[in-house]
Amino acid sequence: MDLSRSFSKIALTGSIYHKRSVQFNLKILIFTWCLISTFLHANCQPLDIDSLEHAIEKEGIHDTIRINTIIELCKQHRRKNPYKALEVADRGLKLSYKINFRAGISKILAFIGNIHTGQGNYDSAIDFLTQALNINYADGRKMGIALCLGNIGIVFQNRGDYEKSIDYYLQSIRLYKDLDYMKGVAINLNNLGNAYVRHKEYEMAIEYFGKSLKIKEKINDNRGMAYTFNNIGAVYYHMRKYDDAIDYFNRSLEIHNEQGDKAGIASGTQNIGDCYFEKEEYARAFEQYEKALVIAEEIGDKRHIAQLLLNTGQLYWKNDQASKGMEYLEKSMKIAKAIGAKEDIKNAYKILSEFHEELKIYKKAHTYFKLYSQTKDSIFNEDKSKEIGKLEARYEFERSQEERKRLEENERAASAIAERRRNNLQYSGILIFIVLLFATVFGLGRLSLPVRAAEGIVFFAFLLFFEFTLVLLDPYIEEYSAGGPAIKLAFNAVLAAMIFPLHSFFETKLKSKLAKHE
C-alpha cells in the first residue's frame, strides 16, 4: 500500500496547525497531568474506570483535557470490553473533530484501528490507522508516526503479508531509535520475531525476542514481557518442546491475569491448549480451548475465535465425532475468510483436506489440498523471503549511512569550531597589532621625522586596516555577489572610498604635528 500520496494532501495545513498549537498543547498536557495527579492523590490508588468516567463528566474542564481523559478510559476498557472501548472512543473522536484537536483525533483513530485489528476487522483497521498516520505525518509527530507504522505492520502480519509487515516494523524501529524510545523499539523487535516464527526461522525469531525481552526487563515493562514470554513459548511449541513452551505460556499468563488483560489471557490459554493437543492430552486441550473461546467471544476477537473453532473441530474429529468436527471447521473457515486471515485460511484448508482424505472423499480432499498449497505459496515463498532479506539489508544500509553522515557532520562541526577558534585568535592578534600601529602613528607627532617617512607609515597602517577589513567582510561579500568580480570590485571601491577620508584626515593631522615640532 502506497501511503505517500495521501500524506501530502494534508501536510501543509497540518504543519501550520502544529506550529500554532505546540505551546497550547504543552499547557494542556501539563494541566491534564495535574488533573490526573489530583485524582491519584485523592484516591491513593491508580485511576480506574469509575474515577475516569467521573473526570470526563466533570463540569468546567477544557474539552482537550476531557478528550485526553477519554483516551485513558478507552485504554482501560480495551483490555476487558473492546465494544465499550469503541463506544467511548467514538465520543472522544466526535469531540476532537468538533474542536479540531488533531493530536486527539490521531490518537483515537489509531486506538480504534488497534481494536479492529484485535477483532480481525483488518480492512477497517488499515483505514483508521492510515488516517491517524496521515495526520501524524502532516503534524510532524514522529512518535505517532512510529506507533502507527508498527500497528499497521501487525495488521499485515495477521493477514499473512509478512513482507509488508516487516517493512513497516523496520520503519517504526528506525523512528523509535531516533527518538530514543526503547519501549517502542522492544515492541517492534518482538513483532519482527513473530514474523520469523511464521516463516519458520526460529533462530532469528529467538534472537529478536531476546533483544526485545532485554529492553523490556531494563525498562520494567511487565505487560510487554508477558507478550514476549508468550512468543518465546510459541517458538518452543514449533520446535516441539512442549513442556518448555507451557512453562513460558504460564509465565505470560501470570502477568496477564494480574493486569486483567483478557486478550493476553485468551491467547496464552489457547497456546497451552495447543501444547496439550500435540501431546495428545485431548481432554486438557479441550478444557483450555473452551476457556479461551469464552474470552475471545466476550472481547470479539474474531481471529482467535476462528483459530479456536478450528482447533476444537480437530478435537471432535480425534474423538470420532466427525459431523461435529466438520461443523466447527466450516465455522472457522467462514470467519477466517471474512477477516482475510490468510494463515488461518491456509490451516483450515489443510485440516479439511486431511479430514476428507480420512473420510475417503478424495476429490474434496484433493481440492482442499490444492487450495492449501496455493494459499501457502501466496503467503510466503522463496522470492518473498529474498525480498525480506533485501528489506533488512536496506534498513541496515540506511542505518549505516545515517551513522556515517552523523559522524561526518560531527567531524565537520568540530573542524568548523577549530577553524573559527583559530581565525578568532588570528583576527584578535591582527586587530591588536593594528591598534598598536595606530597608537604608534599618533605618537609620531612628538618625534622629529621626515614628512615622507610619516606619510609612508600612515599609508601602511591604513593599507593594513583596509586589507583586514576585506578579510572580515569577504564571506558576506562573496555570498551577496555570488562570486561576480564586478560586484566584488564595487564593494572594494566603496570600502576604499570610506577609508580614504580617514587616511587624509590622519595624514594632515600628523603633518601638522610634525610641522609644530620642527
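The preceding data block contains the structure.
Here's what I pulled together on the structure shown here.

Definitions and limits used
- Residues numbered from 1 in each chain as written.
- Predicted model: local features only at pLDDT ≥ 70, side-chain atom pairs only at ≥ 80, totals over all residues.
- Heavy atoms only, no water.
- Helix = DSSP H or I, 4+ residues; strand = E, 2+ residues; numbered from the N terminus.
- Contact = heavy atoms within 4.5 Å.
- Areas by Shrake-Rupley, 256 points an atom, 1.4 Å probe, with all protein chains shown as cover.
- Axes fitted to C-alpha atoms, helices over the stretch in contact; angles between N-to-C directions.
- Parallel < 35°, antiparallel > 145°, perpendicular 65-115°, else oblique.
- Left-handed = near helix turned anticlockwise from the far one by under 90°.
- Nonpolar A, V, L, I, M, F, W, Y, C, P; charged D, E, K, R; others polar.
- Expected span 1.5 Å × (residues − 1).
- Buried < 20%, exposed > 50% of the residue type's maximum accessible area, 1.4 Å probe, protein only.
- Arc of directions from axis to C-beta.
- Core = buried A, V, L, I, M, F, W, Y, C linked by side-chain atoms within 4.5 Å.
- Phe/Tyr/Trp six-rings, centres within 6.5 Å; stacked < 30°, edge-to-face > 60°.
- Salt bridge = Lys/Arg side-chain N within 4 Å of Asp/Glu carboxyl O.

**Overview of the overall build of the protein**
Phase 1: Within the protein, the regular secondary structure consists of 22 helices and 0 strands.
Phase 2: Across the protein, every contact between residues at least 6 apart in sequence was considered, and the portion connecting residues at least 24 apart equals 60%.
Phase 3: A total accessible area of about 28,500 Å² is found for the protein, and carbon and sulfur atoms account for 56% of it.

**Digging into the packing of helix H6 (residues 102-118) against helix H7 (residues 122-139)**
Two packed helices can be described by the angle between their axes and the distance between those axes.
Phase 1: Running from amino to carboxyl end, H6 crosses H7 at an angle of 155 degrees, the nearest separation of the two axes being 8 Å. As the angle between them shows, H6 and H7 are arranged roughly antiparallel. Where H6 crosses over H7, the handedness of that crossing is left-handed. Residues Arg-102, Ile-105, Ser-106, Leu-109, Ala-110, Ile-112, Gly-113, Asn-114, His-116 and Thr-117 of H6 form the contact with H7, whose participating residues are Tyr-122, Ser-124, Ala-125, Phe-128, Leu-129, Gln-131, Ala-132, Ile-135, Asn-136, Ala-138 and Asp-139.
Phase 2: For the contact of H6 with H7, the residue count by class is 11 nonpolar, 8 polar and 2 charged.

**So, H7**
Phase 1: The terminal C-alpha atoms of H7, which comprises 18 residues, lie 26 Å apart, in line with the 26 Å expected from a rise of 1.5 Å per residue.
Phase 2: By the burial criterion, the buried members of H7 are Tyr-122, Ala-125, Ile-126, Leu-129, Thr-130, Ala-132, Leu-133, Asn-134, Ile-135, Asn-136, Ala-138 and Asp-139.
Phase 3: Directly after H7, the chain includes Gly-140, whose backbone phi takes a positive value near 70 degrees.

**Some thoughts on helix H17 (residues 322-339)**
Side chains that are three or four residues apart share a direction in an α-helix, a result of its 3.6 residues per turn.
Phase 1: When the terminal C-alpha atoms of H17 are compared, their 26 Å separation across 18 residues agrees well with the 26 Å that a helix rising 1.5 Å per residue should span.
Phase 2: Inspection of H17 places Gly-325, Met-326, Tyr-328, Leu-329, Ser-332, Met-333, Ala-336 and Ile-339 among the buried residues, and these make up the whole buried set. Seen end-on, H17 carries its buried residues on one side only, within an arc spanning 165 degrees. Among the exposed residues of H17, those pointing more than 90 degrees away from its buried face are Ser-323, Lys-334 and Ala-338.
Phase 3: In this structure, the buried residues of H17 make contact with H7, helix H16 (302-318) and helix H18 (342-358).
Phase 4: Taken from the residues just after H17, Gly-340 is the one with a positive phi, measuring 70 degrees.

**Some words on the nonpolar core**
Phase 1: Core analysis: the largest hydrophobic core is formed by 65 residues, its most contacted members being Ile-108, Ile-152 and Leu-192.
Phase 2: Looking at which element gives the most residues to this core, the answer is H6, with 8 residues.
Phase 3: Residues within four places of Leu-192 in sequence aside, it is in contact with Ile-166, Tyr-169, Leu-170, Ile-173 and Tyr-208.
Phase 4: Core analysis: the second largest hydrophobic core is formed by 24 residues, Phe-249, Phe-277, Leu-308 and Leu-315 among them.

**Description of the packing of helix H8 (residues 142-158) against helix H9 (residues 162-179)**
Phase 1: Their axes nearest at 8 Å, the elements H8 and H9 cross at an angle of 160 degrees. Looking at the two axes, H8 sits roughly antiparallel to H9. H8 and H9 meet at a crossing whose hand is left-handed. On the side of H8, the interface is formed by Lys-142, Met-143, Ile-145, Ala-146, Leu-147, Leu-149, Gly-150, Ile-152, Gly-153, Ile-154, Phe-156 and Gln-157, while H9 contributes Tyr-162, Lys-164, Ser-165, Tyr-168, Tyr-169, Gln-171, Ser-172, Leu-175, Tyr-176 and Leu-179.
Phase 2: Broken down by class, the residue content of the contact of H8 with H9 amounts to 14 nonpolar, 6 polar and 2 charged.

**Details of the environment of Val-294**
Phase 1: Mapped onto the elements, Val-294 comes out in helix H15 (residues 282-299).
Phase 2: What makes Val-294 exposed here is its relative accessible area of 53%.
Phase 3: C-alpha of Val-294 to C-alpha of Ala-266: the two residues are 28 residues apart in sequence and 8.5 Å apart in space.

**Things to note about the packing of aromatic side chains**
Phase 1: One pass over the full model with this rule turns up 12 aromatic pairs.
Phase 2: Aromatic side chains Tyr-196 and Tyr-208 sit 5.6 Å apart centroid to centroid with 5 degrees between the ring planes, which places their arrangement in the stacked category. Of the two residues, Tyr-196 sits in helix H10 (residues 182-198) while Tyr-208 sits in helix H11 (residues 202-218), which places them 12 residues apart along the sequence. This pair shows no difference in class: Tyr-196 is buried, exactly as Tyr-208 is.
Phase 3: Seen in terms of ring centroids, Tyr-316 and Tyr-328 are 5.2 Å apart; in terms of plane orientation they differ by 35 degrees. Their pairing is tilted. In this pair, Tyr-316 is assigned in helix H16 and Tyr-328 in helix H17, connecting sequence segments 12 residues apart. Accessibility classification places Tyr-316 together with Tyr-328 in one group, the buried group.

**Here we look at the pattern of salt bridges**
Phase 1: Evaluation of the coordinates by the stated rule reveals 18 salt bridges.
Phase 2: In this structure, Glu-72 and Lys-75 form a salt bridge, with 3.7 Å as the shortest nitrogen-oxygen distance. Taken as a pair, Glu-72 and Lys-75 lie in helix H4 (residues 63-80) at a separation of 3 residues, close to a single helical turn.
Phase 3: On the accessibility criterion, Lys-75 (43% relative accessible area) is partly exposed.
Phase 4: The residue Glu-298 makes a salt bridge to Lys-262 at a minimum N-O spacing of 2.2 Å. Separated by 36 residues along the polypeptide, Glu-298 in helix H15 and Lys-262 in helix H14 (residues 262-278) bring together distant segments of the chain.

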